[in-house]
Amino acid sequence: MTSANGKRQIPRIGVYVCHCGSNIAGTVDVEEVAKWAKERLGEQGVVVAKEYKFMCSSLGQELIAEDIRKERLDRVVVAACSPHLHEKTFRGAAARAGLNPYLCEMTSIREQVSWVHTDKILATEKAKALISGTVARVREHSPLESITVPINETTLVVGGGIAGIQAALEIANTGHPVYLVEREPSIGGHMAQFDKTFPTLDCAACILTPRMSEAGSHPGIHLLTWSEVEQVEGYVGNFTVSVRKKARYVNTELCTGCGICWQKCPKNVLDDKFEVGLGYRKAIYTPFEQAVPRFPVIDRETCTYFEKGTCKACEKFCPTGAIALEQQDELVSFQVGNIVLATGYDLFDARRVPQYGYGRLPNVFTSLEFERMCNAAGPTNGDIVLRDGKTVPKTVGIIHCVGSRDRNYNNYCSAICCMQSLKFAHLVKERTGAEVYNFYIDLRTTAKDYDEFYQRVLEEGTLFVRGRVAEIIDGAQLPGGDERMVIQVEDTLAGCQRHIPVDMVVLSAALEPRADAGEVAKQFGISCSSNGWFTERHPKLDPVATMTEGIFIAGCATGPRDIPNTVAQGSATAARVVSYIAQAELALEPIRASVAEATCSGCRICNGLCPFNAIVFHEDRMVTEIMTALCQGCGTCVAACPAGAITCTGFSNDQVIAQIEGMMAVAFQPEPV
């Protein structure tokens, strides 16, 4: 900061220390820190230092704003919780008082001090050191201006499950165009496979099909099924997306969806996707009766024509000549302003738990197989039977948490397993009258009407055994045993080992991230958690946004959740997208990296490191350029550049070194006697 005559002036800095109730004050002597800052950092420009119970409150913000005006402050330091939570809050208070918001700096003495220390004396000294470093840093700040980008009103929604459908409809209903991309032949996702939904036992198809039809016929939604996103470039407001439309070998402009082609197709194929291996489809097919769109797809891997060059029954019988066996994949590109990722989940492979016998014992079923079995449109027409297709079970065991809450597989709870298992128990009782055992660790029935449903299942006579199942044994291998299986479990309530014979076992398998979630995250410039789910910007305050502006996430792509929560997240992402579109322009943080072309050696070390794909290389000039609007200011490229050609606004060498020196000066300087 320099005066008119070119001499460096000491800025006037205000330091504000928050108690955060007892979150900070319980471990840090806040009054002592504020007093120390005023006395010891006066030479650094601190002219006012105050403490307040809740600095983020309206009164706390007004305290800061009033001091900016009265004390003519040109820098502000707030020692409170993480900037991730309240940086915008305090920058807003500074801006309202007429100070450039980027001359306000936060230091975290909650997460970095009070929450990680128990010694109050040492914690107080550490807080002083952090504040000293922040004061030294803020002296090097310069006023910054936000970057504004225009927002394209078109939105891309990736994933045609209930979350993606909900988001697409909400956005399209506001009059803004949407591209809805789904990799399968029809939208609907996993919900299309279900029979009933808990706790109301509504028919899943009855709820979902109207939404699917609305999305398929909506004038504002451009449906791209049997398609996958291949490339994403650009930044919020201006993404360029390339989508591969896989060849259906059907001309959709001529097809009427009459169904003659798959009726006449002579090739039966085991359906290991929609019917999860319990039923068959034809080589040309739609996944299910209510599919949207109604256009079929030819499975190239099983079609006799593509195998041997013969047959063509579908082409011969098609009344409109819609079969197009020479059709090729098509690559389409378009621009969008925002992207919603609703790519869903995969079901845990129960074969990974060999002691439960799935794939080895014939009458062990996964939860999704049982859903298809219960469905009236499923392979057994809704009859609950054993693998032989006719025997009705007399005793059924339902095992919770298969692959969930297990350090060998997934530590997390899959959220839906308890209620799903209760639903299965009800359906077995209702349709077969069989005796039902539910083997559980804990029952979690926390949402609206969930516990009431649990009480209903109890009253119906379902038996509950608390304990993790150790093994499922083939009864025929036991002395004097029969064809039934035996479930070995420790009943933790009764305090004993139990061996319970059953005819059928249903495994409530865990929900897992999609197998390609990591690749998708990299493609869209977002990140995944340690468990593999897409990471939100903040789990409580911003659960549908990501760290990349303009990329939003919804449904089970973010973690296990039930249908109501999934729908709510779909609507939430739509609200965020529409709010961006309504602004026409979006103000972005000016904390961005930039390259000094004269210094850049063209080594390209930084090119492959950017997690947000913001770096491009110009072959003609042999220099790197950082796309300002796409950069998130993470600093990865700055640290990697061997020539020091990359700098980051707000994180210059002078600022970082000043902060380090400010902290060290306190940490190694004894208090005066």
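One numbering rule holds for all chains: residues counted from 1, following each sequence as written. Under the rules for a predicted model, residues below a pLDDT of 70 receive no local features and side-chain atom pairs below 80 are neither given nor counted, while totals for whole chains, interfaces and linings still include all residues. The side-chain values count all of the structure's non-hydrogen atoms but skip hydrogen atoms and water molecules.

## Observations regarding helix 15 (residues 563-583)
Part 1 of the reasoning: A run of DSSP states H or I qualifies as a helix once it reaches four residues; a run of E qualifies as a strand once it reaches two. Both are numbered from the N-terminal end. Expected helix span is given by 1.5 Å per residue-to-residue step, counting one fewer step than there are residues. Compared with the 30 Å implied by 1.5 Å per residue over 21 residues, the 31 Å span of helix 15 between its first and last C-alpha is a close match.
Part 2 of the reasoning: Every buried residue of helix 15 is listed here: T566, Q569, G570, T573, A574, V577, Y580 and I581. Angular distribution of buried residues about the axis of helix 15 spans 140°; they occupy a single face of the element.
Part 3 of the reasoning: By definition, residues are in contact when any of their heavy atoms lie within 4.5 Å. Its buried side turned inward, helix 15 meets strand 6 (155-158), helix 6 (162-172), strand 18 (338-341), strand 29 (551-553) and strand 30 (585-588).
Part 4 of the reasoning: As used in this structure description, the phrase polar contact means that two N or O atoms lie within 3.5 Å; if the pair is within protein, one of them must be able to donate a hydrogen and the other to accept it, and residues adjacent in sequence are counted only when both atoms belong to side chains. The opening residue of helix 15, the one whose side-chain oxygen lies 3.1 Å from the backbone nitrogen of N565, is D562.
Part 5 of the reasoning: Just past helix 15, the residue A584 takes up positive phi, approximately 65°. Each residue gets one of three labels from its accessible area relative to the maximum for its type: buried under 20%, exposed over 50%, partly exposed in between, using a 1.4 Å probe on protein chains only. The arc under discussion is defined with respect to the helix axis, by the directions toward the C-beta atoms.

## Some remarks on the packing of aromatic side chains
Part 1 of the reasoning: Under the pairing criterion, centres of Phe, Tyr and Trp rings, with the six-membered ring standing for Trp, must be within 6.5 Å; the plane angle then separates stacked pairs below 30 degrees from edge-to-face pairs above 60, leaving the rest tilted. Taken as a whole and assessed by the stated rule, the structure comprises 12 aromatic pairs.
Part 2 of the reasoning: Aromatic pair F198 and Y450: ring centres 5.5 Å apart, planes at 80°, arrangement edge-to-face. With F198 in the loop between strand 8 (196-197) and strand 9 (202-203) and Y450 in helix 13 (residues 450-459), this pair connects stretches of sequence that are 252 residues apart.
Part 3 of the reasoning: Members of the aromatic cluster, connected to one another through ring pairs, are Y249, Y305 and F306.
Part 4 of the reasoning: Looking at R281, its charged tip hangs above the ring of Y285, at a distance of 4.1 Å from the centre.
Part 5 of the reasoning: Criterion for a charge above a ring: Lys NZ or Arg CZ within 6 Å of the ring centre, and within 35 degrees of the ring normal. Of note, R387 hangs over the ring of F365, and the distance from its end group to the ring centre comes to 4.1 Å.

## Section: the side chain of H141
Part 1 of the reasoning: Relative to the helices and strands, H141 resides in the loop between helix 5 (120-138) and strand 5 (147-150).
Part 2 of the reasoning: In this structure H141 comes out as buried when scored by relative accessible area, which is 7%.
Part 3 of the reasoning: A polar contact of 2.9 Å, which involves the side chain of H141, links it to the side chain of E105.
Part 4 of the reasoning: Excluding its chain neighbours within four sequence positions, the residues that come into contact with H141 are R75, Y102, L103, E105 and Q655.

## As for the sheet that holds strand 25 (residues 485-491)
Part 1 of the reasoning: Overall, antiparallel pairing links the 3 strands, which are arranged 24-25-26 in an open sheet. Since the sheet does not close on itself, it has two edges, and those belong to strand 24 (469-474) and strand 26 (496-502), each with one partner. Mean inter-strand twist for the sheet, computed between neighbouring axes without regard to direction, equals 20°.
Part 2 of the reasoning: Bridge count for strand 25 against strand 26 is 7 bridges, and the pairing is antiparallel. The residue bridging E490 from the neighbouring strand is Q497, located in strand 26. At least two DSSP bridges between two strands are needed for those strands to be called paired. Under this scheme, a helix contributes an axis fitted over its contacting stretch, all axes are lines through C-alpha atoms, and angles between N-to-C directions fall in the 0 to 180 degree range.

## What about the packing of helix 1 (residues 30-40) against helix 5?
Part 1 of the reasoning: Relative orientation of the contacting elements helix 1 and helix 5 amounts to 40°, with a least axis distance of 10 Å. Helix-helix and strand crossings are classified by hand; for helix 1 and helix 5 the assignment is right-handed. The residues of helix 5 that touch helix 1, namely those facing E32, V33 and W36, are T124, A127, K128, I131 and S132. Left-handed describes a crossing whose near helix is turned anticlockwise from the far helix by less than a right angle; the clockwise case is right-handed.

## Let's talk about the domain arrangement of the protein chain
Part 1 of the reasoning: Domain parsing of the protein chain yields domain 1 (13-144 + 654-664), domain 2 (247-328), domain 3 (345-512) and domain 4 (590-649).
Part 2 of the reasoning: Annotation comment: domain bounds sourced from an automatic or database domain assignment. Taking only C-alpha atoms into account, the centre of domain 1 sits 66 Å from that of domain 2.

## Examining the nonpolar core
Part 1 of the reasoning: We call a set of buried residues a nonpolar core when its members are Ala, Val, Leu, Ile, Met, Phe, Trp, Tyr or Cys and they connect through side-chain atoms within 4.5 Å of each other. In this structure, I221, F370 and M504 are the most contacted members of the largest nonpolar core, which totals 69 residues.
Part 2 of the reasoning: Counting residues per element, this core draws most heavily on helix 6, at 7 residues.
Part 3 of the reasoning: Shared between two domains, this core holds at least three residues of each, these being domain 2 (247-328) and domain 3 (345-512).
Part 4 of the reasoning: Y16, V46, I64 and L103 belong to the second largest nonpolar core, which has 44 residues in total.

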